[in-house]
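# Coordinate analysis (summary)
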Amino acid sequence: MKKLLVVLLSMLMVVSMVGCSKETVEEDNSPLAATLEIDGSTYNEVSATLYEANLGEYNDLYSKAKEATTNSERWALMALAEAKLMESAVYVPTSSNGGNYSISGVAPYTSTAVLWGNDSYRYYTQVVTEELIKTADRDEMKAKYAELKGTGTYLSWVKTYLKDKGYTLKDSRSLGYTSDPQTWDVLATSRAADSEAIVNTYDGLMEYDAEGVQQYALATSHSISDDGLTVTFTIRQGVKWVDVQGREVGEVTADDFVAGAQHCMDAQEGLEYLLGAAGANIVNADEYVAGDVDFSEVGVKALDTYTLQYTLTQPTPYFMSMLGYGVFAPMNRAYFLSKGGVFGVAEYQHVAGEIAYGTTPENIVYCGPYTASVVAGNSVVFTANESYWNKDAVNLKKIVWLFNDGQDPLKAYNDTMNDVLDGCGLGSSAVVQAKTDGVFDEYSYVSATDATAFGMFLNMNRYTFTNFNDTTAAVSTKTVNQAEKTKAAMQNVHFRRAIAMAFDRASYNAQSVGEDLKLNSLTNSYTPGKFVSLEEDVTVEINGKSKTYPAGTFYGQIMQDQIDADGVKITVWDPTADGGVGSSTGFDGWYNVQNAQKELKQAVKELKEAGVNVSAVNPVYIDLPAYVASESMLNRAKAFKQSIETALEGAVIVNLVECNTAAELYSAGYYVSTGLENNYDVYDISGWGPDYGDPSSYLDTLVPGGYMIKCIGVY
């Protein structure tokens with residue numbers, strides 16, 4: 001560790017702390033520049049060194065897992081790899097979506113609840129009532145769903161049930177949103193705020209229905225070769241592309257999926273890797289992105305007008321589960337070209353900023369259930385596409401998103417009670433108001449959690465101290481020397497673990513969902529522990545000892561066994577949870593003040609050997625961007641600050657860096673393109689939802705070049 005720190009601090013071109021006394025280190029109290037200078041090649045070298053030192057073991061185990069010949073061996077080895085990721089504490093899981101009190105007129109399970117991809121945001125099948133749905137009636141519908149799931153009859157039963165109960169069905173829905181789409185090109189974005197909107201404008205080859213069964217959409221049939229390397233689809237005939245005004249501009253063909261795949265790889269906006277070896281394993285996808293082959297050599301072909309074929313480098317059992325994600329979306333080639341689009345990696349990158357396609361809803365075409373319009377910072381409106389091939393299945397003729405900047409904790413609740421919205425989550429303030437109004441007992445319910453993994457990311461390699469797009473926003477108050485010390489500390493695994501274990505996540509979560517539900521949505525791992533279970537018996541080695549896991553063993557159990565073997569005091573899997581089934585959610589398996597102080601003691605020792613002194617009189621300062629206009633977000637930040645400073649007895653001080661708007665908060669980390677632009681030491685806004693039904697959908701994001709790796713300050 002001492003040698004590593006010496007190398008890194010030298011490479012990072014900061015004032016060396018190695019061999020210096022405490023007094024020498026503390027002399028430079030000058031304010032920071034907005035950004036510390038570093039050239040791209042040096043930054044990449046630093047990133048590679050830091051990654052290998054902190055996540056090299058994770059990456060080695062994960063690479064071995066991807067070479068496995070069976071799903072069960074693959075998943076078991078991935079669990080061992082993720083254990084190493086958790087032990088590194090570069091990411092501390094916080095919560096998933098859901099698990100909070102809500103009130104709503106939306107009937108449960110009337111859009112898919114599948115845990116991956118974008119299909120859960122296709123709302124056109126939802127059944128919505130004019131009135132709020134009573135808790136007792138909601139519980140009865142949930143019980144019926146469990147009985148009818150897979151029969152294809154639940155939606156029709158729900159409509160009859162609600163009518164018989166005296167509810168009035170409506171053909172529209174209004175809901176709140178917090179971040180405007182930055183693009184309407186689904187093939188050139190990795191942001192949920194974009195894809196959750198755009199998914200309502202197109203259909204995929206196949207989609208998961210309300211009962212979680214994958215159904216044909218723009219495909220009508222498919223076949224997989226005996227060797228698993230060729231997947232062929234027949235495209236539905238007669239499906240129309242229309243513009244925002246509903247005028248026909250073409251027919252959906254196999255070539256639209258070829259054009260979409262090439263555009264995704266040309267745009268390189270963060271998810272192109274999903275088509276290559278880190279995802280679908282399409283032949284020559286990675287080679288095309290790297291500029292080594294022509295697109296004609298990529299394994300995506302239109303064999304004729306209505307026959308589409310994918311050729312894979314290896315059997316990919318989860319391939320079909322990927323079809324609900326945006327990287328497999330179709331795109332009308334002629335329309336794209338008419339809006340200035342070009343094909344070819346180099347050609348596209350040269351003119352990307354000049355292309356009109358996807359810049360607004362008026363600059364895309366539609367083959368899905370809705371066309372769209374947007375007023376930034378106000379609303380997004382989805383209107384029924386009259387040419388939609390499956391319009392008989394559309395229950396909602398209109399969907400309206402209404403912007404909420406989060407400043408008024410009662411806005412969503414009041415809008416729901418005034419029939420502006422059709423439902424909302426209840427934060428702690430809204431719970432109190434709902435109880436006062438007599439609404440809570442009769443109508444509230446606890447929303448289901450999903451597989452989204454939000455977390456606190458720890459930046460090991462910070463260079464930026466104001467927002468990348470506005471040097472007056474989210475300005476750090478740290479001095480040069482404080483920044484140097486923070487960077488050195490954040491590169492020490494024991495220091496990061498001290499932060500992770502000092503973080504009272506339950507109290508933090510309570511600021512959003514209330515004290516009663518603070519544990520419901522707490523997660524303890526990146527991949528949910530029950531995301532997959534072994535299909536057959538598997539034997540793996542844990543620290544040199546063989547261990548056999550029987551079929552049915554959950555991913556989380558294997559992860560926990562590796563963590564226990566390594567002696568790291570965190571719990572990511574509780575076998576007694578969920579009635580003895582086991583779970584990785586619903587409890588806090590990280591927070592322990594005694595363990596945090598032990599880790600800090602070891603960190604202080606190692607840092608001192610490298611010339612970095614840490615104590616209550618000479619603390620490490622860490623910056624957390626805090627949205628001061630949002631009561632719940634500000635209270636969460638304060639809860640984090642209090643737990644860290646109290647548990648670590650003043651040796652770490654948390655600076656809450658003021659963000660006055662949601663845009664400032666997102667620009668501190670969520671909107672950045674590289675780790676170099678991160679304006680934080682710790683950040684709790686970003687998260688990840690799975691794209692398909694395999695743990696690699698999570699783990700690929702934290703390998704070199706992975707989408708979320710920038711969150712920890714590398715690449």
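Keep in mind it's a predicted model, so treat the numbers as computed, not measured. (Residues numbered from 1 in each chain as written. Predicted model: local features only at pLDDT ≥ 70, side-chain atom pairs only at ≥ 80, totals over all residues. Heavy atoms only, no water.)

## Topic: the pairing of strand β9 (residues 230–235)
Two elements, strand β8 (residues 219–224) and β9, share five bridges in a ladder whose sense is antiparallel. Counted as the bridge partner of serine 221 is threonine 234 from β9. Connecting the antiparallel pair β8 and β9 is a turn made up of five residues, with glycine 228 showing a positive phi of about 75 degrees. Taken together, the five bridges between β9 and strand β13 (residues 307–311) define a ladder with antiparallel strand orientation. Opposite valine 231, over in β13, you have tyrosine 310 as the bridge partner. (Pairing = 2+ DSSP bridges. Helix = DSSP H or I, 4+ residues; strand = E, 2+ residues; numbered from the N terminus.)

## A few points about the sheet that holds strand β15 (residues 379–384)
Sheet strands pair via backbone hydrogen bonds, and the direction of the pair is either parallel or antiparallel. Spatially, the four strands line up as an open sheet ordered β5-β16-β15-β14, and their pairing is mixed. The sheet is open, and its two borders are formed by β5 (172–177) and β14 (370–375), each paired with just one other strand. The mean angle between the axes of side-by-side strands here comes to 15 degrees, regardless of whether they run parallel or antiparallel. With six bridges connecting them, β14 and β15 associate as antiparallel partners. If you follow threonine 371 over to β15, its bridge partner there is threonine 383. (Axes fitted to C-alpha atoms, helices over the stretch in contact; angles between N-to-C directions.)

## Points about the sheet that holds strand β17 (residues 423–425)
Reading across from one edge, β17-β2-β18 is the order of the three strands in this open sheet, with antiparallel pairing throughout. In this open sheet, the two edge strands, each paired with only one partner strand, are β17 and β18 (445–446). Pairing of strand β2 (residues 101–104) with β17 involves three bridges; the strand directions are antiparallel. Opposite serine 102, over in β17, you have glycine 425 as the bridge partner.

## Quick word on unusual backbone geometry
Backbone geometry places asparagine 284, a non-glycine residue, at a positive phi of 65 degrees. Mapped onto the secondary structure, asparagine 284 falls in the loop between α8 (254–267) and α9 (285–289). Phi is positive for tyrosine 715, which is not a glycine, with a value near 60 degrees. Among the residues examined, tyrosine 715 registers a relative accessible area of 26% and is labelled partly exposed. (Buried < 20%, exposed > 50% of the residue type's maximum accessible area, 1.4 Å probe, protein only.)

## Brief notes about the nonpolar core
Judged by nonpolar contacts, the single largest core of 193 residues is most densely connected at Phe233, Tyr310, Tyr526 and Phe640. Not counting the four nearest positions on each side in its chain, phenylalanine 640 is found in contact with Met456, Ile499, Phe503, Tyr508, Ile622, Leu624, Val654 and Val682. With 14 residues, the next largest nonpolar core counts Ile103, Val431, Ala434 and Phe440 among its residues. (Core = buried A, V, L, I, M, F, W, Y, C linked by side-chain atoms within 4.5 Å. Contact = heavy atoms within 4.5 Å.)

## Some words on the pattern of salt bridges
Two side chains with opposite charge may pair up if their charged atoms get near one another. In the structure shown here, the tally under the stated rule is 24 salt bridges. Taking the shortest distance from any N to any O, the salt bridge between lysine 530 and aspartate 578 comes out at 2.5 Å. Of this pair, lysine 530 sits in the loop between α17 (505–513) and β20 (538–542) while aspartate 578 sits in helix α19 (residues 577–580); the two residues are 48 residues apart in sequence, bridging distant segments of the chain. Residue aspartate 578 is classed as partly exposed on the basis of its relative accessible area of 49%. A single salt-bridge network, built from bridges that share partners, covers Asp119, Arg122, Asp203 and Glu207. (Salt bridge = Lys/Arg side-chain N within 4 Å of Asp/Glu carboxyl O.)

## Examining the pairing of β20
In β20, alternate side chains face the same way, and those of Val538, Val540 and Ile542 are buried while those of Thr539 and Glu541 on the opposite face are not. Relative to strand β21 (residues 545–549), β20 runs antiparallel, the two being bridged by five bridges. Directly across from isoleucine 542, in β21, lies its bridge partner lysine 545. Between β20 and the antiparallel strand that follows it, β21, lie two residues; asparagine 543 among them carries a positive phi value of about 55 degrees.

## Regarding the packing of aromatic side chains
Scanning the entire structure with this criterion turns up 39 aromatic pairs. The interplanar angle of 85 degrees and the centroid separation of 6.0 Å between the aromatic rings of tryptophan 116 and tyrosine 208 together place this pair among those described as edge-to-face. Residue tryptophan 116 is found in the loop between β2 and β3 (128–129), and its partner tyrosine 208 is found in strand β6 (residues 206–208); the two are separated by 92 residues along the sequence. Residue tryptophan 116 shares its accessibility class with tyrosine 208, and that shared class is buried. Aromatic pair tyrosine 670 and tyrosine 671: ring centres 5.6 Å apart, planes at 45 degrees, arrangement tilted. Just as tyrosine 670 is buried, tyrosine 671 falls in that class too. Its guanidinium or amino end placed over the ring of phenylalanine 343, arginine 333 lies 4.8 Å from that ring's centre, counting from NZ or CZ. (Phe/Tyr/Trp six-rings, centres within 6.5 Å; stacked < 30°, edge-to-face > 60°. Lys NZ or Arg CZ within 6 Å of the ring centre and 35° of its normal.)

## Overview of the packing of helix α5 (residues 135–148) against helix α6 (residues 154–164)
Across the interface, α5 lies against α6 with an axial gap of 10 Å and an inter-helix angle of 155 degrees. Classified by the angle between their axes, α5 and α6 sit roughly antiparallel to one another. Judged by the twist between their axes, the crossing of α5 over α6 is right-handed. On the side of α5, the interface is formed by Asp137, Glu140, Met141, Lys144, Tyr145 and Leu148, while α6 contributes Tyr154, Trp157, Val158, Tyr161 and Leu162. Within the contact of α5 with α6, the residues separate by chemical class into eight nonpolar, no polar and three charged. (Parallel < 35°, antiparallel > 145°, perpendicular 65-115°, else oblique. Left-handed = near helix turned anticlockwise from the far one by under 90°. Nonpolar A, V, L, I, M, F, W, Y, C, P; charged D, E, K, R; others polar.)

## Thoughts on the environment of asparagine 395
Structurally, the position occupied by asparagine 395 is in the loop between β15 and β16 (398–403). For asparagine 395, a relative accessible area of 16% gives the class buried. Separated by 225 residues in sequence, asparagine 395 and lysine 170 have C-alpha atoms that sit 8.4 Å apart. Not counting residues within four places of it along the chain, the set of residues in contact with asparagine 395 comprises Tyr124, Thr125, Gln126, Val127, Lys159, Lys170 and Asp171. A polar side-chain atom of asparagine 395 sits 2.8 Å from a polar atom in the side chain of lysine 159. (Polar contact = N/O pair within 3.5 Å; in protein donor to acceptor, adjacent residues only side chain to side chain.)

## Some remarks on the side chain of aspartate 504
Tracing the backbone through its elements, the reader meets aspartate 504 in the loop between α16 (493–502) and α17. Buried charged residue aspartate 504 carries no salt bridge. Nearest counter-charge: lysine 518, at 6.3 Å. Apart from the residues lying within four places of it in its own chain, the contact partners of aspartate 504 are Asp588, Tyr591 and Ser643. (Lys, Arg positive; Asp, Glu negative; His and termini not counted.)

## Some remarks on the layout of surface pockets
Approximately 850 Å³ is the volume found for the second largest pocket. Taken together, 40 residues make up the lining of the second largest pocket; nearest its centre are Ala267, Gln268, Glu269, Gly270 and Tyr707. When residues of the lining of the second largest pocket are traced back to their parent elements, those giving at least two are α8, α9 and α11 (345–351). Of the residues assigned to the lining of the second largest pocket, the class counts are 17 nonpolar, 16 polar and seven charged. (1 Å grid on protein atoms, 1.4 Å probe; cavity = no way out; pocket = protein on both sides within 12 Å on 5 of 7 lines; lining within 4 Å. Points joined across faces, edges and corners; volume = space filled by probe spheres on them.)

## So, α5
In this model, α5 (14 residues) spans 20 Å end to end at C-alpha, consistent with the 20 Å of a helix rising 1.5 Å per residue. The set of residues buried in α5 consists of Thr135, Asp137, Arg138, Met141, Tyr145 and Leu148. All buried residues of α5 project into a common sector of 155 degrees when viewed along the axis, lining one side. Those residues of α5 that are exposed and aimed more than 90 degrees away from the buried face are Ala136, Ala143, Ala146 and Glu147. Residues of α5 that are buried make contact with β2, α6, α14 (440–443) and β18. Taken from the residues just after α5, glycine 150 is the one with a positive phi, measuring 95 degrees. (Expected span 1.5 Å × (residues − 1). Arc of directions from axis to C-beta.)

## A short note on the side chain of threonine 110
Mapped onto the secondary structure, threonine 110 falls in the loop between β2 and β3. Of note is the side chain of threonine 110, whose polar atom sits 2.9 Å from the backbone oxygen of alanine 107. Not counting residues up to four positions away in its chain, the partners in contact with threonine 110 are Thr125, Gln126, Val127, Tyr154, Leu155, Val158 and Ala210.

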